Amino acid sequence: MRRYLWRRIGLGALTIVATTMLVHLALYLAPGDPIGYLLNGQPATPERIAALRAQYNLDEPFFTRYVSWITGVFQGDLGTSAAFNADVSTLIASRFQTTMYLVLISFVFISVFGLTLGILAGLHKGGIDSFSMATATILSSIPAFVGSFILINVFALQLGWFPAIGGGDGSLSSAISHMTLPAIALAFSAGAFVARTTRASIRVESASEHVVTATVRGIPRNKVVSRHIVRNALLPVISLGGLLFVGLIVSTAFVEQAFAINGIGGLLVVAARQQDFALVQAITLILVISFVVVNLAVDVLYWILDPRIRSEVA
Amino acid sequence: MKKLVLATGSAALLLLTACGGAAAPESSASGEATSSGIELVTSTPAGVGPVDNVNWNLADGEPLSLDQNLSWSGSQNFIGNLMCESLLSTTPEGGLEPGLATDVSYTDATTLVVKLREGVTFWDGSALTADDVVYSIDKARTNEVSQFVGDLAAVASVEATDASTVTIKLSEPNSLIRGALSTGAGAVVSKASAEGNANFALPGDTSMVCTGPYMLKEWTAGSKIVVEANPTWWNKGDGKQLTKQITFSFITDPAAAVAGYESGELDGGFLIPASSIKALQASTVGTLGFGDGSAFGAWVPIVNTERSMSNPKLREALAKSLDYANIVATETAGAGTPAKAVGVPGSWGNEKAAYQAAWDALPDPVTDLDAAKKLVAESGVSNPELVIAAWSELPDSVNAALVLQQAANSVGFNATINKIGFDRAADLFSGAKKEDIDIFATTYLSFICDPLYIYSQIGLDAGSANWGGYSNAKVSELITSALATTDDAERAKITIEIQSLLVADYAWLPTTTYPSPFFMSNELSGAIPSGPTHLWYAWAVNLGTAK
């Protein structure tokens, strides 16, 4: 187990270095000049432009910039955002919490909705199957920003059940009331994806030899379903869930914009558009670390759920 | 084209008629200003009752600093002016009245004496002194990134003569310095809070100390700025500071902001984007209004080349090819008026009758394609080239360029569009020679309510907005003499002469006035929405409940 874990951690660290370097390079090579965004198309004197260039180290070569950035990261300094003129760690701290609330609540919706529909459709053929899959298809075809628009208009403006905009004041209760609508908007397509995968996986397991054997041996149906079908069918769904979780952090951008939530996704879009090196790098770092951590968690879960992996590694 | 009619008396804007169709209204033929019935306001009735908190949105995003000297963003001035007061105060009507100074007078052509108000304290309890004023003005004029370097260029020295007197010496006569001291250029910060403070007024920092009606309470970078009423404000009194706290948000997404206004989570906002105007005009929870002001749109021809725009006849032809009614409708949601000159009525702070008479005498901007074609023919240049610059990052800029291209081609130009990036900003907004561009669009505003301000910027050879390289000895001479004239009436007379010369020369091609759209909940009243006043005047000081 220990070697298995260490190897995963080593791979994760390598992923982090490679990805941040790639993103750094992409930003460096991107056309356009961040100075334009700093000026926002407004008149400026050459002195003002020179001062801004010096302030944000825009004239240093690629490698110098990367090395000074990574050194800073190890010292806990993520740099200064050019777009916000503020310390990157301060900018990210409060937004990270907001986005995590959003992603976690959305993940709960995705799991409940996706697994319920998927398991129902997988175990029952006919009407229930068609209905579940049709629901999933319809919901998955609603883009997040259209979903947001409908949810805001119906549940916030017409019915007044939830706030229309904002991310709450940081407390759990206000986060839940503010994040419910955006989390649902975010959950539509990922939930449908989970439903389809679960259904397919259940079908495969239902037809497998050990299930057929268990059934003919007279084991009660509910035991077959819970121990032989669902448990095995969930393995691929868990690794999908891990990937979706990280993907959700990135795809919050649209929803955060529609609901005026100050989160990481929206921040990343602004930062990338304005070629804000420090900010893009810091958010990428968070995303890559989340990716590595979630994958590690998935690997550990596999280890626990699947005896085959344990024997393989041993 | 939509017709919007204001139901006067109730302050509510109602959409009464909406006649569709693409036909141009009668106005473009008659040259009459505008057919829309939108009433522009300079102020809203003062609020009557107290409010604990108002949520106000600033759609141009979070400021990079709250130091009013530092940038061109509206946000920082809208928040900054509530906290840091200027030596003089611009009234909603554009006049000047005492602020932190009881008097600012020219003692001779190159000397101003500032008499400070006695008994004013900063919100940390310390007293306002002449040293703070000297520090603040020097900061505004010497910091290389200050937006006021140009406005204060004539200032040679600022000295404290005694504890409550400051003497400003000019290197050359400049009658606009008094006006400049009513803008952020004259905003006073506590020297003790600013000097040597690397974080001063930067995101997240709340160490800034000023004297104004509101104090900086909280700044959560990337999220909100909260200001609260200053209990020790020198000018407090009945009907002022009714709003105890204002929470500023910076929602730039138009749909999200509209949802916020409609749900009541936002009580109001400035800088409403054009795409939200229709939705908010239909709102039942609040009112969308338009503040009058000095802002205008114009095409800036590059005249210091051998190319087409160096020819006044071709500039005139282009001016006559513009579809003013369409520009007003698309760019200002019908609230603007075709501008006869860049010193638009919203920029008049004094001698209004004289300026009005001169304005009435100016020719109306009229679309006259036949006259334009004739002018092109007379110019002696066949099929003159016209390269129109557009910001590739800004769709609205590209659209405006396409409209001009079509208009120019229809009267005989050979117009093309050159899409440029923001890296060209420094070059474009300077007097540098531009060989690959003949004309570009700008939205500009006079910081000071005196038309000489804008005319001196575009008419002097070294004027700070003379981006097209315009040069006219007679105009320069008149501007120099107007700058040396501190008497308002005398100065207005010369300014009017300058105006008629610049209009006749088509130095810039003004298109429309740009009223500032704002939204305010029906529960509230008292905001000052007129520009440039709301950039410099504590616009929320009378904000309170409407009933």
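Analysis parameters
- Residues numbered from 1 in each chain as written.
- Chains lettered and ligands numbered in written order.
- Predicted model: local features only at pLDDT ≥ 70, side-chain atom pairs only at ≥ 80, totals over all residues.
- Heavy atoms only, no water.
- UniProt positions renumbered as here; feature names shortened; annotations may be inferred.
- Core = buried A, V, L, I, M, F, W, Y, C linked by side-chain atoms within 4.5 Å.
- Buried < 20%, exposed > 50% of the residue type's maximum accessible area, 1.4 Å probe, protein only.
- Helix = DSSP H or I, 4+ residues; strand = E, 2+ residues; numbered from the N terminus.
- Domains from an automatic or database assignment.
- Pairing = 2+ DSSP bridges.
- Contact = heavy atoms within 4.5 Å.
- Buried area = accessible area lost by both parts, 1.4 Å probe.
- Salt bridge = Lys/Arg side-chain N within 4 Å of Asp/Glu carboxyl O.
- Polar contact = N/O pair within 3.5 Å; in protein donor to acceptor, adjacent residues only side chain to side chain.
- Nonpolar A, V, L, I, M, F, W, Y, C, P; charged D, E, K, R; others polar.

Chain A has a UniProt comment under Subcellular location (unreviewed entry) that states "Cell membrane".

Asks: Provide a residue-level description of the nonpolar core, including the pertinent values.
Replies: Residue and element names in this part refer to chain B. Counting residues in hydrophobic clusters, the biggest one holds 120 residues, and the most contacted among them are W56, L87, I168, F248, I498 and W539. Counting residues per element, this core draws most heavily on helix 3 (residues 130-142), which supplies six residues. Counting contributing residues per domain, this core is built from domain 1 (52-195) and domain 2 (291-512), each supplying no fewer than three.

Asks: Requested: an account of the sheet that holds strand 21 (residues 516-521) of chain B, with residues and values cited.
Replies: Strand pairing in a sheet is mediated by backbone hydrogen bonds. Such pairs are either parallel or antiparallel. All names here are of chain B. Overall, mixed pairing links the eight strands, which are arranged 3-15-21-14-4-13-12-11 in an open sheet. Both edges of this open sheet fall to strand 3 (40-41) and strand 11 (214-220), since each of them pairs with a single strand only. Bridge analysis of strand 3 against strand 15 (residues 286-291) gives two bridges, and the strand direction is parallel. Bridge pairing links V41 to G291 in strand 15.

Asks: I'd like a description of the UniProt feature "domain: Solute-binding protein family" (unreviewed entry) in chain B, backed by residues and values.
Replies: UniProt feature "domain: Solute-binding protein family" (unreviewed entry): in the numbering of this structure it lies at residues 96-462 of chain B. Along residues 96-462 of chain B one finds 28% helix and 23% strand; the C-alpha atoms at either end are 27 Å apart.

Asks: Quick rundown of the domain arrangement of chain B? Include the residues and the values.
Replies: All names here are of chain B. When cut into domains, chain B gives domain 1 (52-195) and domain 2 (291-512). On a C-alpha basis, the centroid separation for the pair domain 1 and domain 2 is 30 Å. Taken together, the contact between domain 1 and domain 2 spans 16 residues of the former and 18 residues of the latter. With both chains or domains summed, domain 1 and domain 2 bury close to 1200 Å², and 69% of this area falls on carbon and sulfur atoms. The largest share of the area that domain 1 buries against domain 2 comes from D151, S175 and L176, three residues that together contribute 41% of it. Where domain 1 meets domain 2, there are zero salt bridges. At the boundary of domain 1 and domain 2, one finds five residue pairs in polar contact (both at pLDDT 80 or more). Considered class by class, the residues forming the side of domain 1 that touches domain 2 number six nonpolar, eight polar and two charged.

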